[in-house]
Amino acid sequence: MTSILFALPEITVALAAMALLLIGAFRGDKAGGLVTSAAVVSLLAAAALVALGRESGVALYGMFAVDDYRRFVKVMLLIAAAGSLVLAPVFFGGQKSGLKPEYPVLVMLATLGMMLMISAHDWIALYVALELQNLGLYVLTAFQREEKRSSEAGLKYFMLSAFSSAIMLFGLSLLYGFAGGTGFDVMAHTLAQGQAMPIGLVVGLVFVMAGFALKVSAAPFHMWTPDVYEGAPLPVTAFLAAAPKIAALALLAVVLGVPLIAAASVWQPVLMALAVASMALGSFAGLLQKNIKRLMAYSAIANVGTMLVGLAALDPVAGGMSVEGLQGVLIYLAVYFVATLGVFGVVAGLRQGEALVESVDDLAGLSQAHPWLSLVLAAMLFSLAGVPPLAGFFGKYFVLLAAVKAGLWPLALIGVLASVVAAGYYLRIVKIMYFDKGSGSVLTSPRSYAHNCGLALATLFVVLFVLWPSPVIEGAHQAVERLLVP
Amino acid sequence: MSMTTIIDSAVVFLPLLGAALAGGVALCNPQNTVTPAQAGVPFSFKLNWIPAFAGMTKEKRDVFAGLLTSLLMLIAAALAVFIFVDVAFGEGGARTHVLAPWFAMGGVKANWALRFDTLTAIMVMVVTGISAMVHLYAVTYMKGDKGVVRFMAYLSLFTFFMLMLVSADNLLQMFFGWEGVGLCSYLLIGYWYEKPAASCAGMKAFWVNRIGDFGFLLGIFGCYQLFGSLDFDVIFKNAPQVVGQTYVMGDRSCCALTAVCLLLFVGAMGKSAQLGLHVWLPDAMEGPTPVSALIHAATMVTAGVFMVARLSPLFEYAPAALAVIAIVGAVTAVVAASIGLTQFDIKRVIAYSTMSQLGTMFFAAGVSAYGASIFHLATHAFFKALLFLAAGSVIHAMSGEQDMRKMGGLWRKMPVTYALMWIGSLALAGIGIEGVFGFAGFYSKDMILEAAYAHGSWYGRVAYGLGLMAAFMTAFYSWRLIVLTFHGAARYDKHTAAHVHESSWWLLGPLVPLALGAVFAGFVGHDWFASAPDGAFWRGALVALHGHEGAVVPEVAKLAPLALALLGMGLSGWLYARRPDIPAVMAVRLGALYRLVFNKYYFDEVYERLFVRPLPKLGAFFWHKGDEAVIDRFGPDGVSAVAQGLGARARCWQTGYAFHYAFVMALALAAMVAWAMVRVW
């Protein structure tokens, strides 16, 4: 395989984005629906292309790596991106501005940035890809620019993200100074020499992790998350909650597990601190939230905290990153993004009169008005709460089991306690929609067929995961083993 | 994927496909019909954009779904016959298809797999065959009911779970099917959920089965503990090695294998309604008649018998457990038959007859005659389905009346049903001439009784004696049913009389294959089933350590069952047709004894006193005193107050100002660098 073909899925997404942009430019705003459908199809086609790939290697002058791990994560990412796009027509259709063709194109470009992030094999590639996805996300967050909340969220996100990018870039330059090259291989090689760790490396490493912490919204770098989730249009929130989390966490795992594995003594304690802070904050602060999007922001923080526990687990024998821990993280990501998209998918379709449904209390009486929808929402929430036999349970199970095996049982204990507390806010929604009386105003739910299909698929995945979990579990295992075990 | 894999999987999954398709149709909301809530589905799902569904009326939709599920079941049944021939006689032989890994967690690994050996092939053939006839019957029988499509979906799902159960190759998948069967029985018994009696019967079936399932589950745990695996192959291979192991509790110890087998048998008792856990079976009559036929003949109650036969390589090494099985089975056979003598509800008589016949199958298994046990299971499936569906035909004609005291003289009006009922009863009573021809039950019941006699053990003889009593009573209540229902003066009112009619051939048609089975199944099959477990037919699907070949059974012992059956038949015919005054007088004369039997030995009343009433009181105690006063007060309520306080504290930080956020980030960065440095140096 010639090296450019390694990037075939990325090239496909990039070309499709350009072509759709042209269609949008020529046909104007009325092409929004068409472009969105085409974008979903091309993202899924790219996912198929990724899944069909078999060969592994490094391409594009050492910048771009492809292997089973990257493929697994990219398939998740592309499905998540396509899933969040499916919500868009229903949501924007009810807005004054309507669905503009730029929207799906921007989502595709941000997704492209994330795909490149996942495949990064070099600090420069990593940074450029990160900025590409950031640019897309800033614009998407402020997409309803005539709305005050949306533009405020976009600006806030831009400022804080730029701040963290600067920190990260500074950290990367310190790492470069230590290793004398920008490639991951150089880094690993230099670290493996086994000399004492200079202070510059420690500072650089922590700076890079701080940059990642903002991307995955780990506490205490989480503060943008509730505001941005709340302010952004709902499909963008869904996209933000699913896709960048997948890309950034997967990339963080690669960075820490492969080039920086010899510096585990530096990053492991930092990671543990971030994990504990995120789990504690995400689960407690979510309890009092009234807004569904803010609540999901805290849910994201708590869940990311649990996933960081999986990354912090080191193999007690070999000393590298624990295969089971990272496998658990991948499983967790898969079940988490589906359930999160499912929750947003249900909420995206709901209207109270003309107004959007954003408050948890608005869901009162949903079970009478839309029993089918509330069933879906209940399944998603129970999965997020980690109730067996739904899919969410297995994510937590594998991550926490790996942590216990790696000797991190205090973290596992905190993880269990945090998920008990967090279950409080998930189940409160279930209680409100099944047991509280509605205010009397009618909840309507206009949905497209694609929207319904997406919800049905997500529900089937969450509910039936227990019957046939092996594609995800075995797939994740194989992917991680190829990455971590040389 | 080879051809056999495809065919074998098709048999198991076609019913599931039927259930899914019918379920899909049930969810769609055709025009001019009831609302989703009335149809029993919680939501509506418009499929009107599919051209075929647009404008379909409810009647058409019902027939469509019914015929669709029936057709799939018929295909499955045809394939099942093909598989049976291949597995039992052909080149194919036993085989296991691993379809997909299910999960591997810790040491427990389980696959989705289909294990087809002679035992499974017989069960699959019986289950799909009976089920196909019941499906066809139900299309007409249930016509006009408002949830027909849902009903057909449940029937197919029921069959699927039973097939899953019989084709499992590990205990876990078997348990999956086992629980699924329990679920579907609950759904179907309580199908008319607006009727409180039906709803209660559904719950009762579920609860009683939970007790049995708990035993089964403990048995599965025990198997895993003993063998380190749940796969049948591993368990069967290692069964001889664990014979000596014991469980020690304090200063007592017991044989581990016996304990495990007894626990598994508790599960079988629940599903197969053996004495003690049988109370759900008569109440299950609250379900529509096709459900009764399916539960009693093919799915559900035969699961326990099948399980013991499937695990025969395990039970064979636990002789004490086998003795218990034989005694429980034999006592059940007699007790149930005696209750059957006194009941007046036509379906209840047949229900107690099932329980009695299941007891017979269990004592056959208890004396290691697994082949005979399965043989009786198969023949019984034919004539019991026939009897139920014929009874359904009577009930249908009587506009829903089930009390035999309000029937009588029906034979002129419904001759076909009458004839079918005779055939079923002759097969049930086991009438036949040795060496010439007999109805199905003749061969299987005689095989069981002879095996019990020939077993040589004390419990074998006890079982034989009790079995003879049961045979007599079986013949007696069968002809009591026929005479009360079809002969004598008509005891129904004029209003009903206007409607009494022979059922249509749509209803009677499916009974014909069943009747053929009831007549010929025994004659055709008895040589196969009687063959040695490791011989040409069974091919090692069963294991029996001690053959009965050497034992000589005297002619008297062989002829006794037939003689008693004829006696019971004649006596009952004479009493109820010629001297109907005598049974009434006897009921009064016997007084307390009659009341004891008529009230089903007061099992329900005793359970009510012992369990049903005290348990809520105990629950209320734990609820108010334990949960509310102690745990809630100091636990959730206290902790959640603290948690909410913490949440409020965290919210204060979320000011909304970007520079605050940036400041926190900068502080955190400094803290992280410091923390990393402390940890490194």
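Refer to the structure printed above.
First, a word on what this report is: a plain description of the structure on this page.

Calculation notes
- Residues numbered from 1 in each chain as written.
- Chains lettered and ligands numbered in written order.
- Predicted model: local features only at pLDDT ≥ 70, side-chain atom pairs only at ≥ 80, totals over all residues.
- Heavy atoms only, no water.
- Helix = DSSP H or I, 4+ residues; strand = E, 2+ residues; numbered from the N terminus.
- Rg over C-alpha atoms; globule rule 2.2 N^0.38 Å.
- Buried < 20%, exposed > 50% of the residue type's maximum accessible area, 1.4 Å probe, protein only.
- Lys, Arg positive; Asp, Glu negative; His and termini not counted.
- Charge placed at Lys NZ, Arg CZ, Asp CG, Glu CD.
- Contact = heavy atoms within 4.5 Å.
- Buried area = accessible area lost by both parts, 1.4 Å probe.
- Polar contact = N/O pair within 3.5 Å; in protein donor to acceptor, adjacent residues only side chain to side chain.
- Nonpolar A, V, L, I, M, F, W, Y, C, P; charged D, E, K, R; others polar.
- Expected span 1.5 Å × (residues − 1).
- Core = buried A, V, L, I, M, F, W, Y, C linked by side-chain atoms within 4.5 Å.
- Pairing = 2+ DSSP bridges.
- Axes fitted to C-alpha atoms, helices over the stretch in contact; angles between N-to-C directions.
- Parallel < 35°, antiparallel > 145°, perpendicular 65-115°, else oblique.
- Left-handed = near helix turned anticlockwise from the far one by under 90°.
- Phe/Tyr/Trp six-rings, centres within 6.5 Å; stacked < 30°, edge-to-face > 60°.
- Disulfide = S-S within 2.5 Å.

1. Points about the overall build of chain A
Summing up its helical and strand segments, chain A has 20 helices and five strands in all. Relative to the globule expectation of 23 Å for 486 residues, the C-alpha radius of gyration of chain A, 21 Å, shows essentially globular dimensions. Viewed in the frame of its principal axes, chain A has a C-alpha envelope of about 70 × 55 × 40 Å. A buried classification covers 63% of the 486 residues belonging to chain A.

2. Digging into the overall build of chain B
Scanning chain B from terminus to terminus reveals 29 helices and six strands. Against the compact-globule benchmark of 26 Å for 681 residues, chain B has a radius of gyration of 29 Å, which places it among compact chains. Considering chain B as a whole, with its 681 residues, one finds that 54% of them fall into the buried category. Both charge centroids of chain B, one from 44 positive and one from 37 negative side chains, sit 8 Å from each other.

3. Overview of the interface of chain A and chain B
Each side of the interface is counted separately: chain A has 46 residues, and chain B has 37 residues. Together chain A and chain B conceal approximately 3,600 Å² of surface at their shared face, both sides included; 79% is due to carbon and sulfur atoms. For the pair chain A and chain B, the interface holds nine residue pairs in polar contact (both at pLDDT 80 or more). Those elements giving two or more residues to the side of chain A that touches chain B turn out to be helix 7 (148-179), helix 9 (199-215), helix 10 (224-231), helix 12 (264-285), helix 13 (292-312), helix 16 (371-384) and helix 17 (391-405) of chain A. In terms of residue count, helix 12 of chain A provides more of the side of chain A that touches chain B than any other element does, eight residues in total. Taken together, the residues that form the side of chain A that touches chain B break down as 38 nonpolar, five polar and three charged.

4. Some words on helix 16 of chain A
All names here are of chain A. Taking 1.5 Å of rise per residue, the 14 residues of helix 16 would be expected to cover 20 Å, and the 20 Å separating its terminal C-alpha atoms lies within 8% of that figure. The element helix 16 is extensively covered by neighbouring structure, given that 10 of its 14 residues are classed as buried. If you check which residues of helix 16 are buried, you get Leu373, Ser374, Val376, Leu377, Ala378, Ala379, Met380, Leu381, Ser383 and Leu384. Looking at the buried positions of helix 16, the neighbouring elements they touch are helix 13, helix 14 (323-348), helix 15 (366-369), helix 17, helix 18 (409-435) and helix 19 (449-464). Of the residues one or two after helix 16, glycine 386 is the one with positive phi, at around 80°.

5. Comments concerning the nonpolar core
Residues and elements named next belong to chain B. Membership of the largest hydrophobic core comes to 207 residues, with the highest contact counts inside it found for Leu171, Trp280 and Leu314. For this core, the element with the highest residue contribution is helix 16 (residues 370-397), accounting for 18 residues. Contact partners of leucine 314, with chain neighbours within four places excluded, come to Cys223, Phe227, Ile235, Ala239, Leu257, Cys261 and Leu264.

6. A look at the environment of tyrosine 247 of chain B
All names here are of chain B. Mapped onto the fold, tyrosine 247 is located in strand 3 (residues 246-249). Note: C-alpha distance between tyrosine 247 and alanine 20 (227 residues apart in sequence) is 45 Å. Beyond its immediate chain neighbours, meaning those up to four positions away, tyrosine 247 contacts Gly222, Gln225, Leu226, Arg252, Ser253, Cys254, Ala256, Ala259 and Val260. A distance of 2.9 Å separates a polar atom in the side chain of tyrosine 247 from a polar atom in the side chain of glutamine 225.

7. A word on the pairing of strand 3 of chain B
Residue and element names in this part refer to chain B. As defined by bridge partners, strand 3 adjoins strand 4 (residues 252-255) across four bridges and the pair is classed as antiparallel. Bridging from a neighbouring strand, threonine 246 pairs with cysteine 255 of strand 4. Connecting strand 3 to the next strand, strand 4, in antiparallel fashion are two residues, including glycine 250 with a positive phi near 60°.

8. A look at the packing of helix 12 of chain A against helix 13 of chain A
All names here are of chain A. In the contact formed by helix 12 and helix 13, the axes pass within 7 Å of each other and the chain directions differ by 150°. In terms of orientation, helix 12 lies roughly antiparallel with respect to helix 13. Between helix 12 and helix 13 the crossing geometry is left-handed. Only Tyr298, Ile301, Ala302, Gly305, Thr306, Leu308, Val309, Leu311 and Ala312 of helix 13 make contact with helix 12, whose side of the interface consists of Trp267, Gln268, Leu271, Met272, Leu274, Ala275, Ser278, Met279, Leu281, Gly282, Ser283 and Ala285. Its residues placed into classes, the contact of helix 12 with helix 13 shows 15 nonpolar, six polar and no charged.

9. Digging into the sheet that holds strand 4 (residues 355-356) of chain A
Sheet strands pair by backbone hydrogen bonding; their relative direction is either parallel or antiparallel. Residues and elements named next belong to chain A. The antiparallel open sheet is built from three strands, whose spatial order is 4-3-5. Each of the sheet's edge strands pairs with one partner strand only, and the pair in question is strand 4 and strand 5 (443-444). One ladder, built from two bridges, connects strand 3 (residues 351-352) with strand 4; its direction is antiparallel. In the sheet register, arginine 351 faces strand 4, and the bridge partner there is leucine 356.

10. What to know about the packing of aromatic side chains
Residues and elements named next belong to chain B. A complete count under the given rule lists 57 aromatic pairs over all chains for this structure. Taking the centre distance of 5.0 Å and the plane angle of 75° together, the rings of tryptophan 112 and phenylalanine 176 count as edge-to-face. In this pair, tryptophan 112 sits in strand 2 (residues 108-116) while phenylalanine 176 sits in helix 6 (residues 171-189), placing the two residues 64 residues apart along the sequence. Using a relative accessible area of 11% as the deciding quantity, one classes tryptophan 112 as buried. Take phenylalanine 176: its relative accessible area is 22%, and that puts it in the partly exposed class. Aromatic pair phenylalanine 161 and phenylalanine 176: ring centres 5.6 Å apart, planes at 65°, arrangement edge-to-face. Highlighted residues: phenylalanine 161 in helix 5 (residues 148-166) and phenylalanine 176 in helix 6, separated in sequence by 15 residues.

11. Some points on the state of the cysteines
Evaluation of the coordinates by the stated rule reveals zero disulfides over all chains. We note that cysteine 255 of chain B lacks a disulfide partner, and the nearest cysteine sulfur, in cysteine 254 of chain B, lies 7.3 Å from it.

12. A closer look at helix 12 (residues 302-310) of chain B
For helix 12 of chain B, the buried fraction is high: nine of the nine residues fall into the buried class. Along helix 12 of chain B, the residues that are buried comprise Thr302, Ala303, Gly304, Val305, Phe306, Met307, Val308, Ala309 and Arg310 of chain B.

13. What about the environment of methionine 447 of chain B?
Residues and elements named next belong to chain B. Following the sequence through the fold, methionine 447 ends up in helix 18 (residues 440-454). Spatially, the C-alpha atom of methionine 447 lies 26 Å from that of leucine 481, the residues being 34 residues apart in sequence. Filtering out sequence-adjacent residues up to four positions away, methionine 447 remains in contact with Ala372, Phe375, His526 and Ala530.

14. Thoughts on the packing of helix 17 (residues 415-429) of chain B against helix 19 (residues 458-486) of chain B
Residues and elements named next belong to chain B. Across the interface, helix 17 lies against helix 19 with an axial gap of 9 Å and an inter-helix angle of 170°. With respect to their mutual orientation, helix 17 and helix 19 come out roughly antiparallel. Facing helix 17, whose interface residues are Thr417, Tyr418, Met421, Trp422, Ser425, Leu426, Leu428 and Ala429, helix 19 presents Thr474, Ala475, Tyr477, Ser478, Trp479, Leu481, Ile482 and Phe486.

15. Focus on the side chain of asparagine 170 of chain B
Residue and element names in this part refer to chain B. Mapped onto the elements, asparagine 170 comes out in the loop between helix 5 and helix 6. There is a polar contact of 3.2 Å between the side chain of asparagine 170 and the backbone oxygen of asparagine 111. In contact with asparagine 170, not counting residues within four places along its chain, are Ala110, Asn111, Leu230, Asp231 and Phe232.

16. A short note on the side chain of arginine 95 of chain B
Residues and elements named next belong to chain B. Considering the arrangement of structural elements, one finds arginine 95 in strand 1 (residues 95-105). A residue is classified by how much of its surface remains accessible, and arginine 95, at 14% relative accessible area, is buried. At a separation of 2.7 Å, a polar atom in the side chain of arginine 95 contacts the side chain of aspartate 86. Non-local contacts of arginine 95, meaning those with residues more than four positions away in its chain, are made with Thr4, Asp8, Ile83, Asp86, Val87, Leu114, Arg115 and Phe116.

17. Quick look at unusual backbone geometry
Trans is the common state for peptide bonds, and a negative phi is the common state for residues other than glycine. All names here are of chain A. Between alanine 219 and the following residue, proline 220, the backbone shows a cis peptide bond with an omega angle of 0°. You can see proline 220 is positioned in the loop between helix 9 and helix 10. At the junction of proline 388 and proline 389, the peptide bond is cis and its omega measures out at 10° in the coordinates. Inspection of the secondary structure assignment puts proline 389 in the loop between helix 16 and helix 17. Positive phi, normally seen in glycine, also occurs at serine 217, with a value near 50°. With respect to the helices, strands and loops of the structure, serine 217 is situated in the loop between helix 9 and helix 10.

Take it as geometry only, folks, not as evidence of what the structure does.
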